[in-house]
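Below are the chains, spelled out letter by letter.
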Amino acid sequence: DQSEPLTPIGDADESSDSLMKIEFTPAGAGVEAITLSRYYVDIERTENYAVQRRTKFSPIGGSSVSVVSLASRAVIINGEIVDLYSTPRGPIWRQTGVGAFEAVIEAEGGEAIAKVTKRYTLKPNSYNIRIEQKLENLTATPMTIEWLQYGPVDLPLAMAGYGGDPRRVRFGYLLNKQRDPSQQFVQTERKIGRAHV
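Only a predicted model underlies this, so the values are computations on that prediction, with no experimental measurement involved.

Enquirer: Tell me what's going on with the overall build of the chain, and back it up with residues and numbers.
Expert: Looking only at helices and strands, the chain has zero helices and 15 strands in total. Taken across its 197 residues, the chain has 29% of its residues classed as buried. Surface accessibility of the chain: about 13200 Å² in total, with carbon and sulfur atoms responsible for 51%.

Enquirer: Summarise the nonpolar core; cite the residues concerned and give the values.
Expert: Membership of the largest hydrophobic core comes to 24 residues, with the highest contact counts inside it found for I22, F24, V31, W93, F101, I105 and Y120. If you list the elements that add at least two residues to this core, you get β2 (20-25), β3 (30-40), β7 (72-77), β10 (100-106) and β11 (112-122). Take this core: its biggest share by element is five residues, from β11. If near-sequence neighbours (up to four positions away) are discounted, F24 is found in contact with L6, T7, P8, I9, G30, V31, E32, G99, F101 and Y120.

Enquirer: So what's going on with the pattern of salt bridges? Residues and values would help.
Expert: Evaluated as defined, the whole model comprises seven salt bridges. A salt bridge links E32 to R54; the shortest N-O distance between them is 3.0 Å. With E32 in strand β3 and R54 in the loop between β4 (48-53) and β5 (55-57), the pair connects residues that are 22 residues apart, well separated along the chain. By relative accessible area, R54 is classed as partly exposed at 33%. Note that E102 and K115 form a salt bridge whose closest N and O atoms lie 3.8 Å from each other. Within this pair, whereas E102 is found in strand β10, its partner K115 is found in strand β11, the two being separated by 13 residues in sequence. K115 gets classed as partly exposed once you look at its relative accessible area, which sits at 25%.

Enquirer: Would you mind going over the side chain of S37 in detail, with residue names and values included?
Expert: Residue placement: S37 occurs in strand β3. At 2.9 Å, the side chain of S37 forms a polar contact with the side chain of R38. Those residues in contact with S37 that sit more than four places away from it in its chain are D11, A12, D13, E14, S18, L19, M20 and N48.

Enquirer: Describe the sheet that holds β11, listing the residues and the values that go with them.
Expert: By definition, the strands of a sheet pair up through backbone hydrogen bonds, in either a parallel or an antiparallel sense. The strand order across the open sheet built from four strands is β9-β10-β11-β12, with neighbouring strands paired in antiparallel fashion. Both edges of this open sheet fall to β9 (94-97) and β12 (129-137), since each of them pairs with a single strand only. The average undirected angle you get between the axes of adjacent strands in this sheet is 25°. Here nine bridges tie β11 to β12, and the two strands are oriented antiparallel to one another. Within the sheet, the bridge partner assigned to L122 lies in β12 and is I129.

What counts and how
- Residues numbered from 1 in each chain as written.
- Predicted model: local features only at pLDDT ≥ 70, side-chain atom pairs only at ≥ 80, totals over all residues.
- Heavy atoms only, no water.
- Helix = DSSP H or I, 4+ residues; strand = E, 2+ residues; numbered from the N terminus.
- Buried < 20%, exposed > 50% of the residue type's maximum accessible area, 1.4 Å probe, protein only.
- Areas by Shrake-Rupley, 256 points an atom, 1.4 Å probe, with all protein chains shown as cover.
- Core = buried A, V, L, I, M, F, W, Y, C linked by side-chain atoms within 4.5 Å.
- Contact = heavy atoms within 4.5 Å.
- Salt bridge = Lys/Arg side-chain N within 4 Å of Asp/Glu carboxyl O.
- Polar contact = N/O pair within 3.5 Å; in protein donor to acceptor, adjacent residues only side chain to side chain.
- Pairing = 2+ DSSP bridges.
- Axes fitted to C-alpha atoms, helices over the stretch in contact; angles between N-to-C directions.

This is the structure we're talking about:
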């Protein structure tokens with residue numbers, strides 16, 4: 001369990017070269033909040049505008065669930081689900097640097113079998129957030145892996161005039177080095193959807 005607060009990246013100060021501040025949570029090494037540095041909630045500029053925040057979702061007939069933007073939910077290793085969000089003992093992620101996180105997956109006997117790393121980067125004067133996630137097999141045996149990932153929490157609904165809802169978020173991923181040795185091409189889904197919560 002991590003007792004120290006997690007170090008954010010960027011800055012919400014309008015005079016900085018950061019256009020946003022990203023705050024993290026150990027729950028899935030996700031984003032607690034993204035706050036814009038040059039946009040405000042009101043004309044008095046007393047509060048910066050947040051485009052992402054941890055959200056409570058209450059499905060019909062179900063109990064309330066906390067949804068963390070961009071959190072790693074789980075990996076399925078050889079058919080076994082490994083929770084990356086939190087465990088009964090608490091979150092399994094630790095911060096290894098600014099915007100960098102690590103989770104070690106152990107077998108029932110306590111030996112480390114895999115290491116998951118996650119790194120967020122934000123360039124100065126940019127709204128683009130880059131997320132790199134990797135799973136390293138620490139055993140000599142090949143593994144089949146499936147990754148379960150939360151996307152961004154739905155963007156706040158703005159006062160949209162004509163033209164409908166302008167909110168858009170796009171995701172992509174890199175192919176492995178055997179399929180794309182240059183690691184220069186980002187694969188994306190052709191259709192984009194949004195779960196309304």
